[in-house]
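Okay, here's what each chain looks like letter by letter:
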Amino acid sequence: MRIDAALGELEAVLGERLSRSRPVREQHAHSETHLRSGPPDAVAFPRSAAEVARIAEICTRHLVPMVGWGAGTSLEGHALALRGGVTIDFAQMDQILEMRPEDMIVRVQPGITREALNAALRDTGLFFPVDPGANASIGGMAATRASGTTAVRYGTMRDNVLGLEVVLADGRMIRTGTAAPKSAAGYDLTALFVGSEGTLGLITELTLRLHGQPEAVSAAVCAFPDMSSAVNCVIETIQHGIPMARIEFLDAATVAACNAYAQMEMPLQPHLMIEFHGTEAGVAEQAERFGEIAAGHGSADFQWATRTEDRARLWKMRHAAYRACLAMRPGCEGWVTDACVPISRLAEAVEETQADIAACGVPGPMVGHVGDGNFHSVLLVDPESETEREAAKRVSARLAERALRLGGTVTGEHGIGFGKLGYMAAEHGEGWMVMGEIKRALDPHGLMNPGKMVSQT
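Everything quoted here is computed from the prediction, not taken from an experiment.

What counts, and where the lines are drawn
Residues numbered from 1 in each chain as written. Predicted model: local features only at pLDDT ≥ 70, side-chain atom pairs only at ≥ 80, totals over all residues. Heavy atoms only, no water. Helix = DSSP H or I, 4+ residues; strand = E, 2+ residues; numbered from the N terminus. Rg over C-alpha atoms; globule rule 2.2 N^0.38 Å. Buried < 20%, exposed > 50% of the residue type's maximum accessible area, 1.4 Å probe, protein only. Contact = heavy atoms within 4.5 Å. Areas by Shrake-Rupley, 256 points an atom, 1.4 Å probe, with all protein chains shown as cover. Lys, Arg positive; Asp, Glu negative; His and termini not counted. Charge placed at Lys NZ, Arg CZ, Asp CG, Glu CD. Phe/Tyr/Trp six-rings, centres within 6.5 Å; stacked < 30°, edge-to-face > 60°. Pairing = 2+ DSSP bridges. Axes fitted to C-alpha atoms, helices over the stretch in contact; angles between N-to-C directions. UniProt positions renumbered as here; feature names shortened; annotations may be inferred. Expected span 1.5 Å × (residues − 1). Domains from an automatic or database assignment. Buried area = accessible area lost by both parts, 1.4 Å probe. Salt bridge = Lys/Arg side-chain N within 4 Å of Asp/Glu carboxyl O.

Time to look at the overall build of the protein chain. When helices and strands are counted, the protein chain shows 17 helices and 18 strands. Its C-alpha atoms give the protein chain a radius of gyration of 22 Å, near enough to 23 Å, the size a compact globule of 457 residues would have. Seen through its principal axes, the protein chain has C-alpha atoms that stretch 65 × 55 × 40 Å. Within the protein chain, the proportion of its 457 residues that are buried is 56%. When contacts within the protein chain are restricted to residue pairs at least 6 apart in sequence, long-range pairs at least 24 apart make up 71% of them. Of the roughly 18600 Å² of accessible surface on the protein chain, a fraction of 52% belongs to carbon and sulfur atoms. Taken together, the 41 basic and 56 acidic charged side chains of the protein chain have centroids lying 5 Å from each other.

Scanning the model with the defined rule gives five aromatic pairs in all. Members of the aromatic cluster, joined through ring pairs, are F276, F290, F302 and W304.

With respect to the helices and strands, the residue M93 is situated in the loop between β4 (86-89) and β5 (96-100). The residues touching M93, leaving out its near neighbours within four places in the chain, are P46, R47, S48, A49, V52, Q109, P110, G111, I112 and T204.

Our focus in this paragraph is the sheet that holds strand β18 (residues 374-381). On the basis of which strands lie adjacent, the open sheet formed by seven strands has the order β15-β12-β14-β13-β17-β18-β16 and antiparallel pairing. A strand with exactly one partner marks an edge of an open sheet, and here the two such strands are β15 (300-305) and β16 (333-340). Averaged over all neighbouring strand pairs, the angle between strand axes comes to 15°, with direction disregarded. Bridge analysis of strand β12 (residues 216-223) against strand β14 (residues 271-278) gives eight bridges, and the strand direction is antiparallel. Across the sheet, residue A220 finds its bridge partner in β14, namely I274.

Within this structure's numbering, the places UniProt gives as "domain: FAD-binding PCMH-type" (unreviewed entry) are residues 36-213. The annotated region residues 36-213 carries 22% helix and 25% strand content, and the separation between its end C-alpha atoms amounts to 39 Å.

Tracing the backbone shows F224 in the loop between β12 and α9 (227-239). Distance in space between the C-alpha atoms of F224 and A295 is 9.2 Å, their sequence separation being 71 residues.

This part takes up the pairing of β4. Burial of β4 is two-sided: the residues V86 and I88 facing one way and the residues T87 and D89 facing the other way are all buried. Bridge count between strand β2 (residues 42-44) and β4: three bridges; the pairing is parallel. Among the inter-strand pairings, V43 is bridged to a residue of β4, identified as T87. As judged from the four bridges shared by strand β3 (residues 66-69) and β4, these two strands associate in the parallel manner. Across the sheet, the residue bridging to M66 is V86, located in β4.

In this model, α9 (13 residues) spans 19 Å end to end at C-alpha, consistent with the 18 Å of a helix rising 1.5 Å per residue. The set of residues buried in α9 consists of M227, S229, A230, V231, C233, V234, I235 and T237. Looking one or two places after α9, you find G241, whose phi comes out positive at around 70°.

A separate point is the sheet that holds β3. One open sheet holds the four strands; their spatial order is β1-β2-β4-β3, and the pairing between them is mixed. In the strand order of this sheet, the two ends are held by β1 (18-19) and β3, each with one partner. As judged from the two bridges shared by β1 and β2, these two strands associate in the antiparallel manner. Its bridge partner lying in β2, L18 is registered against A44.

As for its position among the elements, A91 is in the loop between β4 and β5. A relative accessible area of 40% places A91 in the partly exposed class.

This part takes up the domain arrangement of the protein chain. What the domain assignment reports for the protein chain is domain 1 (1-91), domain 2 (96-212), domain 3 (215-328) and domain 4 (330-417). Just the C-alpha atoms count here: the centres of domain 2 and domain 4 sit 28 Å apart. Domain 2 puts seven residues into the contact, and the matching count from domain 4 is eight residues. Between domain 2 and domain 4, a total of about 550 Å² is buried, with carbon and sulfur atoms accounting for 42% of that surface. A per-residue breakdown of the area domain 2 buries against domain 4 is headed by S147, V152 and E197, which together make up 55% of the total. Counting every contact that joins domain 2 to domain 4 gives zero salt bridges.

So, on to the pattern of salt bridges. Applying the stated criterion across every chain, the model contains 32 salt bridges. A salt bridge links E390 to K393; the shortest N-O distance between them is 3.4 Å. Highlighted residues: E390 and K393, both in helix α15 (residues 386-405), separated by three residues, approximately one helical turn. With relative accessibility at 32%, the residue E390 sits in the partly exposed group. By relative accessible area, K393 is classed as partly exposed at 41%. K439 is the salt-bridge partner of D443, the closest N and O atoms lying 2.7 Å from each other. For the pair D443 and K439, one class covers both residues: buried.

If you want it as structure tokens, here you go:
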């Protein structure tokens, strides 16, 4: 009765932009990985913050769950409606509201994607650097505190979101942060909502920090005799203070997948992909210093890419690595793991994880944003095999436990959703209980993306 009454009121507000059709609901019941849920009861497509506030007020009055939806590219089931309710799809809130090149900031609606934003910024000499690979929505990237290939130089969403407009569960609308470069006024509510995965409120506007487009860019790919040599090269490069814009790791299995998928001809060995940004002279010096370090760790087949089209092809291949890995085993489910550890423990973490994968009987290519200690494996599981599913669960659990043992975190960028909810107590202890108290203070009925991030008890 509650859901019917709520949907009746929402239809009066949104008209045809509230969909109850089975195909639309089913589109919002899948994630990028193996995680699934039942469909929501309806999908709302708001066009303004005022409409989002009205949706929240109606849903709260009728005790109907609300789940935000960006581009649907999250990996731990963040945007799945575990308890039904209304999914709020921000695809029609995709506008740039204000560009301020002189302040190096931009205000945007949450549904704009990172590629669309950077296309619009091209003529300003500025760009938004956070690059998780997928063409995710900016609102979704903030909600999950995304990072990616460029985080080693430019930081994550935590570092590049200056302020937000957020609709709370009861329909109240608040603003956090300012357009100023910094502030010491009160609690940092921007940081609270960045990474909250839609469990505290719905982001309806973002003020973002921009960066200058570099004068010169140089990228390279180089092979190493083994994984430890590649990882140790990364560690030494960081210790020497060489300012990398990106440094990515691909194991031999991922290289084989990319070769087949993108018509590449890289040697079947572990590889590093690296990129430098800066002046012509600075980039040349950084590249030379990195080349010396890489040679000391046995690198071979060093290939530089300075032309824009060559660099684009290189990074397109890296971003397609997940699809390339899935193509290695048609019909498989991708169980994507991620963990982040201190740089000094990275080689140990990677080698132990590789040994686990080798022993479990399930293919698991590995990649990583190793410049900040973050790495992933894609376990290619036969969905019909309970044995393989159990093996994948064991490998994922051991990776999480290993990350904590080494002083790291169970997720460097994929977030918690409901896929990693079971590790929160181990990582945060009493701090997880405090998160639950914050959740109950802002969402006392537990309607905002329920079943994610915090304990519901």
